[in-house]
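Each chain, written out:
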Amino acid sequence: MKKLSNTTKTLIALVLGGIFGIFLSVLPENKFVQTYLLDGILKLAGTGFLNAIKLIVVPLVFVSIVYATASLDDLKKVGRIGGKTFIFYMLTTALAIILALSIGGILKPGIGVDLAAIKANEIATTANATSVNFVDTLLNMIPTNIFAAFSEGNTLGIIFFALLLGLSITAVGEKAQPLLTVFESANEVLLKLVQMIMHFAPYGIFALLATTFANFGFTALMPLMKYVLTVLLGLALQLLVVYMGMLLFIGKLRPSIFLKKFAPIFNVCLSTSSSSAALPLALEHSEASFGVSKKVSSFTLPLGATINMDGTAIMQGISVMFIAQIYGIHLGLNDYLMVILSAVLASIGTAGVPGVGMIMLTMVLASVNLPLEGIALIMGVDRIIDMFRTAVNVAGDNVCTLLIAKNENEFDETVYNRMDNSDF
Ligand code: ASP
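Definitions and cut-offs
Residues numbered from 1 in each chain as written. Predicted model: local features only at pLDDT ≥ 70, side-chain atom pairs only at ≥ 80, totals over all residues. Heavy atoms only, no water. Helix = DSSP H or I, 4+ residues; strand = E, 2+ residues; numbered from the N terminus. Rg over C-alpha atoms; globule rule 2.2 N^0.38 Å. Buried < 20%, exposed > 50% of the residue type's maximum accessible area, 1.4 Å probe, protein only. Core = buried A, V, L, I, M, F, W, Y, C linked by side-chain atoms within 4.5 Å. Axes fitted to C-alpha atoms, helices over the stretch in contact; angles between N-to-C directions. Parallel < 35°, antiparallel > 145°, perpendicular 65-115°, else oblique. Left-handed = near helix turned anticlockwise from the far one by under 90°. Contact = heavy atoms within 4.5 Å. Nonpolar A, V, L, I, M, F, W, Y, C, P; charged D, E, K, R; others polar. Near = heavy atom within 4 Å. Polar contact = N/O pair within 3.5 Å; in protein donor to acceptor, adjacent residues only side chain to side chain. Areas by Shrake-Rupley, 256 points an atom, 1.4 Å probe, with all protein chains shown as cover.

A.B. asks: Account for the overall build of the protein, naming residues and giving values.
C.D. replies: Counting its regular elements, the protein contains 20 helices and 0 strands. By the compact-globule yardstick of 22 Å for 424 residues, the protein fits well, its C-alpha radius of gyration being 22 Å. Dimensions along the principal axes, computed over C-alpha positions, put the protein at roughly 70 × 55 × 45 Å. Classification of the 424 residues of the protein by burial places 53% in the buried group.

A.B. asks: Can you break down the nonpolar core residue by residue, with the values?
C.D. replies: Ranked by internal contacts, the top residues of the largest apolar core, which has 126 residues, are F49, Y227, Y243, L247, F258, L402 and Y416. Per-element tally for this core: the top contributor is helix α2 (residues 31-71), with 14 residues. Judged by nonpolar contacts, the second largest core, of 9 residues, contains L37, L38, A207 and A214.

A.B. asks: Now, about the packing of helix α11 (residues 221-249) against helix α12 (residues 255-272): what can you tell me, with residues and values included?
C.D. replies: Direction vectors running N to C along α11 and α12 enclose 125°, while the axes themselves pass 10 Å from each other. Taken together, the axes of α11 and α12 lie oblique to each other. α12 is crossed by α11, and the crossing has right-handed handedness. Note on element contacts: α12 touches α11 through P255, F258, L259 and F266, opposite L239, L240, M244, L247 and L248. Per-class residue counts for the contact of α11 with α12 are 9 nonpolar, no polar and no charged.

A.B. asks: Mind laying out the site of the ligand, listing which residues take part and the relevant values?
C.D. replies: Near the ligand, the surroundings consist of 16 residues, among which S275, T312, G357, D386 and R389 are the closest. Contact distances for the ligand include 2.8 Å between a nitrogen atom and a side-chain N or O atom of D386. About the coverage of the ligand: the protein hides 100% of its 270 Å² of free accessible area. Of all the elements in the fold, those that place two or more residues in the shell around the ligand are α17 (356-367) and α19 (382-407). Per-element tally for the shell around the ligand: the top contributor is α19, with 4 residues. The class makeup of the residues in the shell around the ligand is 5 nonpolar, 9 polar and 2 charged.

Below, the structure written as structure tokens:
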């Protein structure tokens, strides 16, 4: 039998977990099910998986941000193009997160869901904690003791330190090379670790969904579907309205051509859920069918695959709203600013491989003290979202590349407009 890919296995686990959970929910009260399944093997697999994800957050955030910042040295080498690209990437990510928070606020996917009763204690603690003011929160980002920040999981503090360390490595240059190599290698190792944890995803997801549905029966279905549809709507708006609007109004380029030529890359994103995996094809298409010169694309596309994750930001914004609504936690203006800031920073630290966006979500939630347990609810359906958000991540890199190339006169419009390429 052909070996199933991890994506296929995870999708199968998702459906089976839901069905199994609903089956458990209709069974009459049963001590065996409660003790050995729900509080036994399912808890072990589900909570074990979530614990493993939480375990990797702090080291991953730290190492990936130091490494990404130190590698931004390339920005200097490419001068003006580098600066423009960086600003463009950060602005589109901020726009994406604002769009997501607005959609989450308007559609309210988590309102009317009564999954919160069991978490009353957490709400009490978190609701108090969110009322600190913005200045204090910013001050909190400058930890006085980095080891305390690590042990408390103060991710914004860790990011701040990581950014400073990365910039210092760049500033020192030659002599800091060995340290940069250490971070490069640590980054590789941690990504391998994420991959190993993700191999366990089908079992973890089966257990998490089965537990949710066993506890809440069919009532869990609606909120989860609402969540998925809201995120998909956000992603569609980002792609079709924000990006296509930019192509049309800023670049004066026809969006329909972009969409047609982007289709093969889109498919790779769907099947791999990885910006990095889609990079070789994106690089090839950028020159051959979008008409962008290598000078621009060879810099902007790899950088985008590392630091520009607008689709991931959309998922994170809507997740924040969804979880806050479910737990009945009110978010104020300071909290929204905090979410925007932390999601833009998280985007820099998110590697272009499957599942990392969800890991980074813990950091965004922690920045406004939302309960991390909320992740257990949405983790189960994350694989579907990962496929589409990756496609939006990569589309964002390509649109930015086109606009920068056009602006820099590194673009051949006849190639862009030509529709007779044999691969289409
Ligand atoms: N899978 C995404 C990507 O490669 C990252 C994420 O998990 O959001 O772009």
